[in-house]
Amino acid sequence: MARRKEYKEEEVIEKAMQLFWRNGYETTSVRMLEKEMGINQFSVYASFGNKQGVFLESIKCYKKKAQFELIDRLDNSDGVEGIKQYFYNFIEFSKDNNSNKGCLLTNTVNELGENADTLIMSEIVKFATNVRESFINKLSFNSQKDKVTIDKQANYLMVALQGLSVASKMFNAKQLDDFIEVTFKNV
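Below, the structure is looked at part by part. Bear in mind the structure is a predicted one, so any value in this text is a computation, not a measurement.

**Remarks on the overall build of the protein**
Right, on to step 1. Summing up its helical and strand segments, the protein has 9 helices and 2 strands in all.
Right, on to step 2. Overall, the protein shows an N-to-C arrangement of helices and strands of α-α-α-α-α-β-β-α-α-α-α.
Right, on to step 3. Dimensions of the protein along its principal axes, counting C-alpha atoms only, are 65 × 35 × 30 Å.
Right, on to step 4. The contacts of the protein with a sequence gap of at least 6 include a subset with a gap of at least 24, amounting to 68%.
Right, on to step 5. Per element, the accessible surface of the protein, about 10,600 Å² overall, is 51% carbon and sulfur.
Right, on to step 6. The protein carries 26 positive and 26 negative side-chain charges, and their two centres are separated by 2 Å.

In structure tokens form, the structure reads like this:
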């Protein structure tokens, strides 16, 4: 007879996501996950298969949070100002006890680089594509811009967002505000 789970998967994955976000994929061990999630190694493997499985579920959790706190707000905004607000919202989204953690997905790409697992990279690319499509939608509000210009500006904003993610971990609020303000003078 199978044992009943004595935990809620959503809650333990939220804890795992926070641990990965703080420490990175490689540094986070199964033992650290056990302690943070409050479940034993058997439960980790039974529910998620392995560390990669926990991480993939953590990415899904991150994407869900980002969708609610960032992308939905962007989608309900107007034009370039909505994208600019997304950048400011991102800084707040990535804070943990007044320190910035950057973006879990950007951190993962920076950490794993070309050695990243294809399943992990696939999830990251899907998320980035979704954000870029939202940027394109908002840039299209300006009927003076052609498709080529909109695509170039969306690419520029994606690179700027990645830079903001890294910069948010080391620069102060004034420097980050200056970065955002100058970025949007070019759009």
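**Digging into the nonpolar core**
Right, on to step 1. By size, the foremost hydrophobic cluster in this structure holds 52 residues, and its most contacted members are Met 37, Val 54, Tyr 62, Tyr 86, Phe 87 and Phe 135.
Right, on to step 2. Sorting elements by how many residues they give to this core places helix 4 (residues 51-75) first, with 10 residues.
Right, on to step 3. Residues in contact with Phe 87, not counting those within four places in the same chain, are Phe 135, Leu 157, Ala 160, Leu 161, Leu 164, Ile 180, Thr 183 and Phe 184.

**What to know about helix 8 (residues 147-167)**
Right, on to step 1. Over its 21 residues, helix 8 runs 30 Å from end to end, which matches the ideal 30 Å to within 8%, given 1.5 Å per residue.
Right, on to step 2. Listed in full, the buried residues belonging to helix 8 are Ile 150, Gln 153, Ala 154, Leu 157, Met 158, Ala 160, Leu 161, Leu 164, Ser 165 and Ala 167.
Right, on to step 3. Packed against the buried residues of helix 8 are helix 5 (79-93), helix 6 (104-112), helix 7 (118-139) and helix 9 (173-185).

**Brief notes about the pattern of salt bridges**
Right, on to step 1. All told, the structure shown has 12 salt bridges when counted by the stated rule.
Right, on to step 2. A salt bridge links Lys 65 to Glu 14; the shortest N-O distance between them is 3.8 Å. Linking Lys 65 in helix 4 with Glu 14 in helix 1 (residues 9-23), this pair joins segments that are 51 residues apart in sequence.
Right, on to step 3. On the accessibility criterion, Lys 65 (23% relative accessible area) is partly exposed.
Right, on to step 4. We classify Glu 14 as partly exposed; its relative accessible area is 26%.
Right, on to step 5. Between Asp 178 and Lys 174 there is a salt bridge, with the nearest N and O atoms lying 2.9 Å from each other.

**Concerning the packing of helix 5 against helix 7**
Right, on to step 1. At a closest axis distance of 7 Å, the pairing of helix 5 and helix 7 adopts a crossing angle of 145 degrees. Every residue of helix 7 that contacts helix 5 at Gly 79, Val 80, Ile 83, Tyr 86 and Phe 87 is listed here: Val 131, Phe 135, Lys 138 and Leu 139.
Right, on to step 2. Looking at the contact of helix 5 with helix 7 residue by residue, the class counts come to 7 nonpolar, 1 polar and 1 charged.

**Overview of the packing of helix 4 against helix 7**
Right, on to step 1. Two numbers describe how helix 4 lies on helix 7: the axes approach to 10 Å, and their chain directions differ by 5 degrees. Here helix 7 runs roughly parallel to helix 4, going by the angle between their axes. In contact with Gln 52, Phe 55, Leu 56, Ile 59, Lys 63, Ala 66, Gln 67, Ile 71, Leu 74 and Asp 75 of helix 4, helix 7 contributes Leu 119, Ile 120, Glu 123, Lys 126, Phe 127, Asn 130, Val 131, Ser 134, Phe 135 and Lys 138.
Right, on to step 2. A per-class count over the contact of helix 4 with helix 7 returns 11 nonpolar, 4 polar and 5 charged.

Reading guide: rules and limits
Residues numbered from 1 in each chain as written. Predicted model: local features only at pLDDT ≥ 70, side-chain atom pairs only at ≥ 80, totals over all residues. Heavy atoms only, no water. Helix = DSSP H or I, 4+ residues; strand = E, 2+ residues; numbered from the N terminus. Contact = heavy atoms within 4.5 Å. Areas by Shrake-Rupley, 256 points an atom, 1.4 Å probe, with all protein chains shown as cover. Lys, Arg positive; Asp, Glu negative; His and termini not counted. Charge placed at Lys NZ, Arg CZ, Asp CG, Glu CD. Core = buried A, V, L, I, M, F, W, Y, C linked by side-chain atoms within 4.5 Å. Buried < 20%, exposed > 50% of the residue type's maximum accessible area, 1.4 Å probe, protein only. Expected span 1.5 Å × (residues − 1). Salt bridge = Lys/Arg side-chain N within 4 Å of Asp/Glu carboxyl O. Axes fitted to C-alpha atoms, helices over the stretch in contact; angles between N-to-C directions. Nonpolar A, V, L, I, M, F, W, Y, C, P; charged D, E, K, R; others polar. Parallel < 35°, antiparallel > 145°, perpendicular 65-115°, else oblique.

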